[in-house]
Every structure is written in C-alpha cells, then in structure tokens.
Amino acid sequence: DAARAGELAIAVRRVLRSDLDAHAKQHDSGASPAVPGSRSRNSAASSSSTQLSNFPADVCALPPSRQLTALLRCCQNGDGQGVELWLKIGADANHADHDPRERRTPLMACATRGDRHLCKILLATGRCEVDARDATGATALCRAALAAARSRTVPVNAASARDVATLLLEHGADPLKRDHKDRSPLSIAAADARDVQLVDRMMSTTLGSLYRRDYDAAGLAQ
C-alpha cells in the first residue's frame, strides 16, 4: 500500500545518500589518482546526485494510466501515516491527479472526505495552494461546501465538512471564488447545504476581508 511504498522510498533514498557520501569522502581524501574512466564515474556520481534531488517527485508521480499519485491515494483513503510519510520525503502537496475530468489535489481529496485531520497535516507544510482549482474550477473550499450539501441529512458528516471549511477559511481560502458553473463556496453553503453556521463563518470571512480592503484603501492602516 501507499504507506509501505513510502517506507520503501525512504529506505532507497537513504541508500542513495550513503552512496553519494562515499563518493564525496573519496574525493575529499584525494586518495584516488586520476585513472582512465574516472570521468565516467564522476558523471555517474553527478547523475546519482540529480536522481536524489528529483527522487521524491519521481516516486510520487505515478504513470498517467494510474491517475493518482501516492500522496493523493493516501488522502483519498484517509491514510494519515501514508500522508505523513510522503510529505516527509518531499511529495508535491499540490500534484493533481491525471484525470482530465477531475484534476484533484490532495487537499481537495481531503476536503471532499470531510477529513479535517489530513487537511490540517497538508496545510501545516505551508506548501498547499489553498485556492487551487480542479477541472471544474472548484477549490477545496468549494468541495467542502459540496460535501456539506451532500450530508444535510447526516449531521455528523455535515459537521465534519463544516470543520474542514472553517480550517480552510482560517488559511485564507476565498469563499467567493466561483467554479465553472458560476457557483461560489458561499452560494453552495447557502443554497445547497442550507447550513446557517457555515454561511455565517463564510460571511464573517468575506465581510472581514472587505472591511480590511476598505480600511487600507482609506489609508487608515498603520
């Protein structure tokens, strides 16, 4: 599974690192005289260095036929251990799937599931594009609002979606950013989810942003 793949990736990376360290020590000691073929060995070391620097991205980006990266698969399945492992070795937190109808990022997958814990892990990296759009123009916040709409008759799930939306708002998500159907997270929360609490939180964020904008425009900011 993805978690075991992450452990394997760390192990392979450790081997590559030790191999490069050995090359560096040999070079620093000056013990090895120049001999025929040394250039090719240096080229190999350089190649290994390049492979190491690209290693996490190469491992995370599975073939298009698989569509999902390892990190995204972990997010979709709620695999917290796998998410932490892949982020640790440098997985791209914004790498969307290869399905032209979806183009989901890991954050969007977690928002769709109403998984606040995994959203928090992703956002804590500081590498997430909170308002990235999928193939339909929807953001993670838009997906959270849609999840709340789908869960109207299941209070526990609706509360989870609301918590995710609140977390995204705290990290700067825009409740007015519209998808290709001209729907914003705020309009979905009001018309589809009919979630008064969620609407209130989005409105507070929106009004706060407008107030700060007008405040700055008036030259009153310190």
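Rules used throughout
- For every chain, the first residue of the written sequence is number 1, and numbering continues from 1 onward in sequence order.
- pLDDT decides what is reported in this predicted model: residues at 70 or higher carry local features, side-chain atom pairs at 80 or more are listed and counted, and totals for whole chains, interfaces and linings draw on all residues regardless.
- For the side-chain quantities, the full set of heavy atoms in the structure was used; hydrogens and water were omitted.
- Starting at the N terminus, helices and strands are each numbered in turn, a helix being any DSSP run of H or I of at least four residues and a strand any DSSP run of E of at least two.
- Burial status follows relative accessibility: with a 1.4 Å probe on protein chains alone, a residue under 20% of its type maximum counts as buried, one over 50% as exposed, and anything between as partly exposed.
- Contacts are assigned to residue pairs that have any heavy atoms within 4.5 Å of one another.
- Reported accessibility uses the Shrake-Rupley method at a 1.4 Å probe radius. Residues are deemed covered only where the shown protein chains occlude them.
- A 3.5 Å cut-off defines polar contacts: any pair of N or O atoms within that distance qualifies, except that in protein one atom must be a possible hydrogen donor and the other a possible acceptor, and neighbouring residues in sequence count only when both atoms are side-chain atoms.
- Here the axes come from fitting lines to C-alpha atoms, over the contacting stretch only for helices, and the angles between their N-to-C directions go from 0 to 180 degrees.
- An angle counts as roughly parallel when it lies under 35 degrees, as roughly antiparallel when it exceeds 145, as roughly perpendicular when it falls between 65 and 115, and as oblique in every other case.
- Just so you know the grouping, Ala, Val, Leu, Ile, Met, Phe, Trp, Tyr, Cys and Pro go in nonpolar, Asp, Glu, Lys and Arg go in charged, and all remaining residues, Gly too, go in polar.
- Throughout, a crossing is termed right-handed when the near helix is turned clockwise from the far one, and left-handed when it is turned anticlockwise from it by less than a right angle.

Q: In this structure, what is going on with the overall build of the chain? I would like to understand it.
A: Secondary structure assignment for the chain yields ten helices and zero strands. Along its sequence from the N terminus, the chain presents helices and strands in the succession α-α-α-α-α-α-α-α-α-α. Looking at the chain as a whole, 40% of its 222 residues qualify as buried. Looking at the chain alone, contacts between residues at least 24 apart form 68% of all its contacts between residues at least 6 apart. Accessible surface, the chain as shown: approximately 12,500 Å² in total, 51% of it carbon and sulfur.

Q: Teacher, can you tell me more about the environment of L141 here?
A: Positionally, L141 belongs in helix α7 (residues 140-150). With 33 residues separating them along the chain, L141 and M108 place their C-alpha atoms 8.0 Å apart. Sequence-distant contacts of L141, defined by excluding residues within four places in its chain, comprise A165, L168, L169, A173, D174, P175, P185 and M202.

Q: What's the story with helix α4 (residues 80-88) in this structure? I'm lost.
A: Owing to its 3.6 residues per turn, the α-helix brings residues three or four apart onto one side. Residues G80, G82, V83, L85, W86 and L87 constitute the buried set of α4. For α4, the N-terminal cap is D79; the gap from its side-chain oxygen to the backbone nitrogen of Q81 is 3.4 Å. Of the residues trailing α4, G90 is marked for its positive phi of about 100°.

Q: Would you mind showing me how to read unusual backbone geometry here?
A: For residues that are not glycine, phi is negative in most cases, and the peptide bond is trans in most cases. Notably, R103 is not glycine yet its phi reads approximately 55°, a positive angle. Relative to the helices and strands, R103 resides in the loop between α4 and α5 (106-113). Residue R103 is classed as partly exposed on the basis of its relative accessible area, which comes to 35%.

Q: Would you mind showing me how to read the side chain of R162 here?
A: Relative to the elements of secondary structure, R162 occurs in helix α8 (residues 155-170). R162 has contacts with D195, Q197, L198 and R201, leaving out every residue within four places of it along the chain.

Q: Sorry if this is basic, but what is going on with the packing of α4 against helix α6 (residues 116-124) here?
A: For any two helices packed against each other, the geometry is given by the interaxial angle and the distance between the axes. Put simply, α4 and α6 touch, their axes get as near as 10 Å, and they point 5° apart. Considering the angle they form, α4 stands roughly parallel to α6. Residue-level inspection shows G80, V83, E84 and L87 of α4 in contact with α6, the latter providing L118, I121 and L122. Considering only residue class, the contact of α4 with α6 consists of five nonpolar, one polar and one charged.

Q: Just checking my understanding: could you explain the packing of α6 against α8 for this structure?
A: Contact geometry for α6 and α8: axes closest at 9 Å, N-to-C directions at 15°. By the angle between their axes, α6 is roughly parallel relative to α8. The handedness of the crossing between α6 and α8 is right-handed. Listed contacts from α8 to R116, C119, K120 and L123 of α6 are D163, V164, L167 and L168. A class-by-class count of the residues in the contact of α6 with α8 yields five nonpolar, no polar and three charged.

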